[in-house]
Amino acid sequence: KTGYFVPKAQNTQLEKATKANNLTGVIQQLEQHPNPAIRMVADRMRSLGTNITVGFPKRYSKYNRFAGLYDRSVDTVFLKRKYAGEESLVAHEFVHALTVRAIDNPTPEQKPVIDKLNKLYQHVKKELGYAGRSRYPRDLYGLTNLKEFVAEANSNVSFQYQLAKMKYKNETAWGAFTRTIANLLGIANVSALTEVMALTEELTTKQATTTPLGLTPSISPAKPRQAPPRTSTGTQVLNTLDIVTGK
């Protein structure tokens with residue numbers, strides 16, 4: 001299983017905030033990210049009381065090969081010290097904090113959203129030629145399971161680009177923002193990317209005042225990943241998203 005790459009230049013202010021267990025400071029840094037999905041995650045994080053620990057306690061020694069993990073039994077994001085300023089990794093783990101409880105134990109209100117996300121996840125695996133398979137290449141870590149699918153789709157631009165290219169019939173509307181992204185990317189109204197972003201927003205909205213912490217540990221680890229190639233197409237996607245949000 002593979003997860004996250006670490007860029008040479010990390011966000012030093014984010015690193016300071018994570019090492020200080022300063023959730024507000026983490027949110028402030030992620031709010032400035034050029035990726036609008038990560039900015040959405042930062043906005044949703046305001047409803048959390050999640051702790052941040054830099055370094056893995058001994059009880060997590062079997063996860064030492066991973067760069068970060070989220071344990072919902074203690075509502076804590078754990079980060080390896082050298083990755084504490086890696087923006088997409090931090091966002092990835094906080095997507096788990098926002099969504100893993102609902103994925104594991106959805107309320108009646110959340111269940112239709114989880115069903116839609118799972119349907120989309122299965123569609124993406126099929127479209128990418130990995131239906132029924134359990135091993136995936138590094139750049140498709142989001143196909144590992146539904147939890148990683150949601151986390152990668154909201155934090156990893158390489159995986160987002162794969163979804164943005166994939167047409168998908170929309171069942172929900174996220175308003176002008178996602179429709180404009182779809183139009184600017186030259187896809188028919190919606191894509192797998194706009195759909196998963198819309199469903200993540202819907203799920204976290206429904207979750208904000210409902211689900212308590214579970215008693216069963218749910219560990220969601222992320223491993224260092226290779227950097228995606230700096231293709232002109234991938235850069236164009238980020239630039240297009242920035243145009244939409246005025247960044």
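Remember, it's a predicted structure, so these values are computed and weren't measured experimentally.

## Digging into the overall build of the protein
- What the protein contains, in helices and strands, is ten helices and four strands.
- Along the protein, helices and strands appear, N-terminal first, in the series α-α-α-β-β-β-α-α-α-α-α-α-β-α.
- Restricting to contacts in the protein with at least 6 residues of sequence separation, those with at least 24 account for 73%.
- Per element, the accessible surface of the protein, about 11,400 Å² overall, is 49% carbon and sulfur.

## A closer look at the confidence of the model for the protein
- Mean pLDDT for the protein: 74, with 65% of residues reaching 70 or above.
- A low-confidence stretch, residues 1-8 (pLDDT under 50), is modelled with 29 contacts involving residues beyond four sequence positions or located in other chains.
- Note on residues 226-247: pLDDT under 50 across the span, and 25 contacts to partners over four residues away in sequence or across chains.

## Describing the environment of aspartate 115
- As for its placement among the helices and strands, aspartate 115 is situated in helix α5 (residues 111-127).
- For aspartate 115, a relative accessible area of 41% puts it in the partly exposed group.
- Spatially, the C-alpha atom of aspartate 115 lies 9.4 Å from that of isoleucine 103, the residues being twelve residues apart in sequence.

## Quick word on the nonpolar core
- Judged by nonpolar contacts, the single largest core of 45 residues is most densely connected at Val26, Leu30, Met45, Phe94, Leu146 and Phe149.
- Of all the elements in the fold, those that place two or more residues in this core are α1 (12-19), α2 (23-30), α3 (36-44), β3 (76-79), α4 (87-104), α5, α6 (146-153) and α7 (157-164).
- Residue contributions to this core peak at nine residues, all from α4.
- Residues in contact with methionine 45, not counting those within four places in the same chain, are Leu23, Val26, Ile27, Leu30, Phe94 and Leu98.

## Structural notes on the pairing of strand β2 (residues 68-71)
- Covered by surrounding structure in β2 are Gly68 and Tyr70 together with Leu69 and Asp71, the residues of both alternating faces.
- Examined bridge by bridge, β2 and β3 share four bridges and lie antiparallel to one another. Across the sheet, residue aspartate 71 finds its bridge partner in β3, namely threonine 76.
- As consecutive antiparallel partners, β2 and β3 are separated by four residues, and within that stretch aspartate 75 has a phi angle of approximately 45°, a positive value.

## Describing the packing of α3 against α4
- Where α3 meets α4, the closest approach of the two axes is 10 Å, and the angle between their N-to-C directions is 50°. Between α3 and α4, the angle falls in the class oblique. In this structure, the crossing between α3 and α4 has a hand that is left-handed. Contact residues: Ile38, Val41 and Arg44 in α3; Ser88, Ala91, Val95 and Leu98 in α4.
- Of the residues in the contact of α3 with α4, the class split is five nonpolar, one polar and one charged.

## Regarding α3
- Burial within α3 is extensive, with seven of its nine residues counted as buried.
- Of all the positions in α3, only Pro36, Ala37, Ile38, Arg39, Met40, Val41 and Ala42 are classed as buried.
- Structurally, the start of α3 carries an N-cap: the backbone nitrogen of alanine 37 is 2.9 Å from a side-chain oxygen of asparagine 35.

Reading the values: rules and limits
- Residues numbered from 1 in each chain as written.
- Predicted model: local features only at pLDDT ≥ 70, side-chain atom pairs only at ≥ 80, totals over all residues.
- Heavy atoms only, no water.
- Helix = DSSP H or I, 4+ residues; strand = E, 2+ residues; numbered from the N terminus.
- Contact = heavy atoms within 4.5 Å.
- Areas by Shrake-Rupley, 256 points an atom, 1.4 Å probe, with all protein chains shown as cover.
- pLDDT = per-residue confidence, 0-100.
- Buried < 20%, exposed > 50% of the residue type's maximum accessible area, 1.4 Å probe, protein only.
- Core = buried A, V, L, I, M, F, W, Y, C linked by side-chain atoms within 4.5 Å.
- Pairing = 2+ DSSP bridges.
- Axes fitted to C-alpha atoms, helices over the stretch in contact; angles between N-to-C directions.
- Parallel < 35°, antiparallel > 145°, perpendicular 65-115°, else oblique.
- Left-handed = near helix turned anticlockwise from the far one by under 90°.
- Nonpolar A, V, L, I, M, F, W, Y, C, P; charged D, E, K, R; others polar.
- Polar contact = N/O pair within 3.5 Å; in protein donor to acceptor, adjacent residues only side chain to side chain.

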